[in-house]
Amino acid sequence: MKNGKILVTGGTGYIGSHTVVELIEAGYEVEILDNLYNSKIEVLDKIEKITGVKPKFYKVDLKNYDDVLKVFTDTKYDAVMHFAGLKAVAESVEKPLEYYENNIGGTVNLLKAMVKNGVKRLIFSSSATVYGDQGVAKLDESMETGKGITNPYGRTKYMIEEILKDVAVSDKEFEICILRYFNPIGAHASGLLGEDPNGDPNNLMPVVMRVAAGRIPKLLVYGDDYPTRDGSCVRDYIHVVDLAKGHLVALENISGGVKIYNLGSGVGTSVFEMIKAFEKESGEKLPFEVVGGRSGDLAELIADPSLAYKELGWKTELNTADAMRDTLNYLKNN
Ligand SMILES: NC(=O)c1ccc[n+]([C@@H]2O[C@H](COP(=O)([O-])OP(=O)(O)OC[C@H]3O[C@@H](n4cnc5c(N)ncnc54)[C@H](O)[C@@H]3O)[C@@H](O)[C@H]2O)c1
């Protein structure tokens, strides 16, 4: 589909907001549902500054089925993009029930409201974490998922994928696309949108930016004795704007049943290489300290993004240097 009304859950969040911008710029009519647990209402003004359009907004919690249902009775949507969810890995270990209730319960409520209103197109934010430990660095969609996932957050993503497959079996009208993100970083080139998590971040880039802003004294590098080229962990970082564009092509190509795609660059970057990239872009030294590796952290995880290229014609256009530049620009503006 190339136009229509899209409901974006989690649309004021980091990845959701960038995707909303791409959708509006491509001519879609967008409405946002978010409970603002991890985002701010001002994001709507920023989206308007970039696109000239302020999307209709529902401050609704997916955990409340009646409220979700009301959103669907207001408007007939052509598709839903479902970003809303809790995503802090360490927190999910401490509060598993909150993660299961929010991510799985919220998704079930969303699906029930969709079915009730005949909305049967969905794009879902999954994660490379569903692959668990495959014993190899490069991950592709043919691999079995669900084994060796080390935390409840990852398990919610795996379980939601299984729920979506069951829903598609039960109702042949469903068109579902599951996108497995690798490590989203970067910000919008305008400097208006970026990642600004409430609470303590535990992903590399938000921590780097807090160190740069003087809010945290130093970056802790978890392990320098992994079997990688410099001993630090290697990950596949993807610029959030490339990721947002991936959602657009997924929507344009959506068809019956369930399709699954990796969204990653296919290129690995180590923690030490990220520190160097930061120093190159900012001209400043980044204080860091090497500490022991974290249990559950795998040495190297990289996407095989070839299926998304073959079937959707999508590949990344930006690199980690672009992401560093855009993140620093966002930091300067905010
Ligand atoms: N950022 C990453 O590294 C990454 C990697 C893989 C997958 N993902 C997934 O992508 C999605 C978006 O991630 P993000 O980085 O933009 O996160 P984010 O926290 O910035 O955005 C998520 C949004 O969902 C909202 N939300 C959470 N629970 C809700 C609920 N019950 N009802 C309504 N709104 C709710 C939050 O307020 C927030 O605005 C998430 O599902 C996340 O798990 C993220």
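(A) Inspection of the nonpolar core at higher detail. Residues Ile6, Leu23 and Leu251 are the most contacted members of the largest nonpolar core, which totals 38 residues. The element that contributes the greatest number of residues to this core is helix α8 (residues 240-252), accounting for seven residues. With near-sequence residues (within four places) excluded, Leu23 lies in contact with Ile6, Val8, Tyr28, Val30, Met81, Leu248 and Leu251. Among the nonpolar cores identified, the runner-up in size contains 28 residues, and Tyr58, Tyr77, Ile160 and Ile178 belong to it.

(B) Inspection of the site of the ligand at higher detail. Around the ligand lies a shell of 29 residues, among which Asp34, Asn38, Ser39, Lys87 and Tyr153 are the nearest. For the ligand, an oxygen atom lies 3.5 Å from a polar atom in the backbone of Gly13. Ile15 is positioned such that a nitrogen or oxygen atom in its backbone is 2.8 Å from an oxygen atom of the ligand. In isolation the ligand exposes 820 Å². Once the protein is present, 96% of that is buried. Contributing elements (two or more residues each) for the shell around the ligand: α1 (14-25), β2 (29-34), β5 (121-127) and α6 (152-170). Counted by class, the shell around the ligand contains 13 nonpolar, 12 polar and four charged residues.

(C) Representation of the pattern of salt bridges. Enumeration over the complete set of coordinates arrives at 19 salt bridges. Of the charged contacts, one joins Lys147 and Glu144 as a salt bridge, the two residues approaching to 2.8 Å between their closest N and O atoms. The exposure class assigned to Lys147 is exposed, which follows from its relative accessible area of 54%. Glu144 sits in the exposed class, given a relative accessible area of 54%. Taken together, the shared-partner salt bridges in this structure form one network comprising Lys120, Asp171 and Glu173.

(D) Representation of α6. With 19 residues, α6 ought to run about 27 Å at 1.5 Å a step, and its terminal C-alpha atoms sit 27 Å apart, in line with that. Those residues of α6 that fall on the buried side of the exposure criterion are Pro152, Tyr153, Gly154, Thr156, Lys157, Ile160, Glu161, Leu164, Val167 and Ala168. Looking at the buried residues of α6, the elements they touch are α4 (89-94), α5 (96-116), β5, β7 (175-181) and β12 (257-263).

(E) A look at the sheet that holds strand β6 (residues 138-139). Taken in spatial order, the four strands make up an open sheet running β6-β15-β10-β13, and their pairing is mixed. Edge strands, defined here as strands with exactly one partner in the open sheet, are β6 and β13 (269-270). Summarising the sheet, strand β10 (residues 234-235) and β13 pair through two bridges and their orientation is antiparallel. Bridge pairing in β13 places Arg235 opposite Thr269.

Conventions adopted
- Residues numbered from 1 in each chain as written.
- Predicted model: local features only at pLDDT ≥ 70, side-chain atom pairs only at ≥ 80, totals over all residues.
- Heavy atoms only, no water.
- Core = buried A, V, L, I, M, F, W, Y, C linked by side-chain atoms within 4.5 Å.
- Buried < 20%, exposed > 50% of the residue type's maximum accessible area, 1.4 Å probe, protein only.
- Helix = DSSP H or I, 4+ residues; strand = E, 2+ residues; numbered from the N terminus.
- Contact = heavy atoms within 4.5 Å.
- Near = heavy atom within 4 Å.
- Polar contact = N/O pair within 3.5 Å; in protein donor to acceptor, adjacent residues only side chain to side chain.
- Areas by Shrake-Rupley, 256 points an atom, 1.4 Å probe, with all protein chains shown as cover.
- Nonpolar A, V, L, I, M, F, W, Y, C, P; charged D, E, K, R; others polar.
- Salt bridge = Lys/Arg side-chain N within 4 Å of Asp/Glu carboxyl O.
- Expected span 1.5 Å × (residues − 1).
- Pairing = 2+ DSSP bridges.

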